[in-house]
Amino acid sequence: ETGFTYMSHSLSPYFAEGMKAVAYELVDVLGNEIDHVVLPVGNGSLLIGMVQGYQELLQAGGVNRIPRFHAVQTHSVRPVVAAMTGEDWSHEDARPTIASGIAVSMPPRLFEMVEAIKLTAGTGVTVTEELLEDWQKRIASSEGLFVEITSAVAFAGLAELIKSGTIQKGSSVCVPITGSGLKEPLH
């Protein structure tokens, strides 16, 4: 209608195709050892791409199973988790979040994300805003990594998944760090 071309990666099938490489690289380095993948989820390109990559590896015999994928969102913006749990939630219920990388209240590939998580017997979990800066600082002090708040969301979600018993002691877990803390303003 405006004459402008929409250039966001969220609708591009090529971007999700490129994200399959993350699954290939994980298998190349770690083999079939990952039990769970915990991701911050907004538009879902990384989630969709990684699950597709694992599906292709499974079909080709490169792995004998696909890890369980767990989507983590803030309680402020949670369309994927709400869709998975049947919660009555809409984009109008979204509240401000400091996790700018996943502040997507109407993801165009919502159905694909939910299907990818279900395919892997994964789950979705939300975390509160109050936890995010603490996790960012904790990762910086314990690991020497200054991650974006969006990455801290995934670590806060991992803690919740462990606390709920979804992820058991001794499990092998991958939490991709999706960006540097230098890409967002400090809070």
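These numbers come from a predicted model, not from an experiment. (Residues numbered from 1 in each chain as written. Predicted model: local features only at pLDDT ≥ 70, side-chain atom pairs only at ≥ 80, totals over all residues. Heavy atoms only, no water.)

Asks: Tell me about the overall build of the protein, and please be specific about residues and values.
Replies: For the protein, the count of helices and strands is 6 helices and 4 strands. Counted from the first residue to the last, the protein has its helices and strands arranged as α-β-α-β-α-α-β-α-α-β. Expected size for 187 residues packed as a compact globule is a radius of gyration near 16 Å; at 16 Å, the protein falls within 12% of this value. Projected onto the principal axes, the alpha-carbon positions of the protein cover approximately 45 × 45 × 35 Å. Within the protein, the fraction of its 187 residues that count as buried is 45%. (Helix = DSSP H or I, 4+ residues; strand = E, 2+ residues; numbered from the N terminus. Rg over C-alpha atoms; globule rule 2.2 N^0.38 Å. Buried < 20%, exposed > 50% of the residue type's maximum accessible area, 1.4 Å probe, protein only.)

Asks: For the pairing of strand β1 (residues 36–40), give the residues involved together with the corresponding values.
Replies: Within β1, 5 of the 5 residues are buried, which leaves the element mostly enclosed by the surrounding structure. Of the two faces of β1, the one lined by His 36, Val 38 and Pro 40 and the one lined by Val 37 and Leu 39 are each fully buried. Where β1 meets strand β2 (residues 68–74), 5 bridges bridge the pair, whose relative direction is parallel. If you follow Leu 39 over to β2, its bridge partner there is Ala 71. Note on the crossover from β1 through helix α2 (residues 45–60) to β2: the handedness is right-handed. (Pairing = 2+ DSSP bridges. Right-handed = clockwise from strand over helix to strand, strands pointing away.)

Asks: Residue-level account of the layout of surface pockets, with values.
Replies: The calculated volume of the largest pocket comes to roughly 400 Å³. Here the residues of the lining of the largest pocket sort into 10 nonpolar, 8 polar and 2 charged. (1 Å grid on protein atoms, 1.4 Å probe; cavity = no way out; pocket = protein on both sides within 12 Å on 5 of 7 lines; lining within 4 Å. Points joined across faces, edges and corners; volume = space filled by probe spheres on them. Nonpolar A, V, L, I, M, F, W, Y, C, P; charged D, E, K, R; others polar.)

Asks: Which residues make up the packing of aromatic side chains, and what values go with them?
Replies: Taken as a whole and assessed by the stated rule, the structure comprises 1 aromatic pair. Both rings, one in Tyr 54 and one in Phe 69, keep their centres 6.1 Å apart while their planes meet at 70°; by these two values the pair is edge-to-face. In this pair, Tyr 54 sits in helix α2 while Phe 69 sits in strand β2, placing the two residues 15 residues apart along the sequence. (Phe/Tyr/Trp six-rings, centres within 6.5 Å; stacked < 30°, edge-to-face > 60°.)

Asks: Can you lay out the nonpolar core for me, pointing to particular residues and giving the numbers?
Replies: Leu 39, Leu 47, Tyr 54 and Phe 69 are the most contacted members of the largest nonpolar core, which has 25 residues in total. When residues of this core are traced back to their parent elements, those giving at least two are α1 (13–30), β1, α2, β2 and α4 (110–119). Here this core gets 7 residues from one element, more than from any other, and that element is α2. Sequence-distant contacts of Leu 39, that is, excluding residues within four places in its chain, are made with Leu 46, Leu 47, Met 50, Phe 69, His 70, Ala 71, Val 72, Ala 154 and Pro 176. Membership of the second largest hydrophobic core comes to 21 residues, among which are Val 38, Ile 149, Ala 152 and Ala 156. (Core = buried A, V, L, I, M, F, W, Y, C linked by side-chain atoms within 4.5 Å. Contact = heavy atoms within 4.5 Å.)

Asks: Any details on the environment of Phe 146? Residues and values, ideally.
Replies: Position of Phe 146 among the secondary structure elements: in the loop between α5 (129–143) and α6 (149–163). Residues Phe 146 and Val 114, spaced 32 residues apart in sequence, show a C-alpha to C-alpha distance of 30 Å.

Asks: Tell me about a nonpolar patch on the surface, and name the residues and values.
Replies: A cluster of nonpolar residues, Phe 146, Leu 182 and Leu 186, forms a patch on the protein surface that exposes about 370 Å² of accessible area. Within the fold, Leu 182 resides in the segment after β4 (173–174). The exposure class of Leu 182 is exposed, given its relative accessible area of 72%. (Patch = residues over 30% accessible without salt bridge, like charges linked within 9 Å, V, L, I, M, F, W, Y side chains within 5 Å. Areas by Shrake-Rupley, 256 points an atom, 1.4 Å probe, with all protein chains shown as cover. Salt bridge = Lys/Arg side-chain N within 4 Å of Asp/Glu carboxyl O.)

Asks: Talk me through the pairing of β2; I want residue IDs and the actual numbers.
Replies: With respect to burial, β2 is a largely interior element, 6 of its 7 residues being buried. Two strands pair when backbone bridges link them, and β2 and strand β3 (residues 123–127) are joined in this way by 5 bridges, in the parallel orientation. Paired with Ala 71 across the two strands is Gly 124, which belongs to β3.

Asks: Account for the environment of Thr 178, with residues named and values stated.
Replies: Checked against the element boundaries, Thr 178 lands in the segment after β4. In sequence terms Thr 178 and Gly 101 are 77 residues apart; their C-alpha atoms lie 9.0 Å from each other. Thr 178 has contacts with Pro 40, Leu 46, Glu 148, Thr 150, Ser 151 and Lys 183, leaving out every residue within four places of it along the chain. Of the polar contacts made by the side chain of Thr 178, one reaches the side chain of Glu 148; its length is 2.7 Å. (Polar contact = N/O pair within 3.5 Å; in protein donor to acceptor, adjacent residues only side chain to side chain.)

Asks: Can you tell me about the sheet that holds β2, naming the residues and giving the values?
Replies: Within the open sheet, the 4 strands sit side by side as β3-β2-β1-β4. Their pairing is parallel. Looking at the sheet topology across the chains shown, the edges are occupied by β3 and β4.

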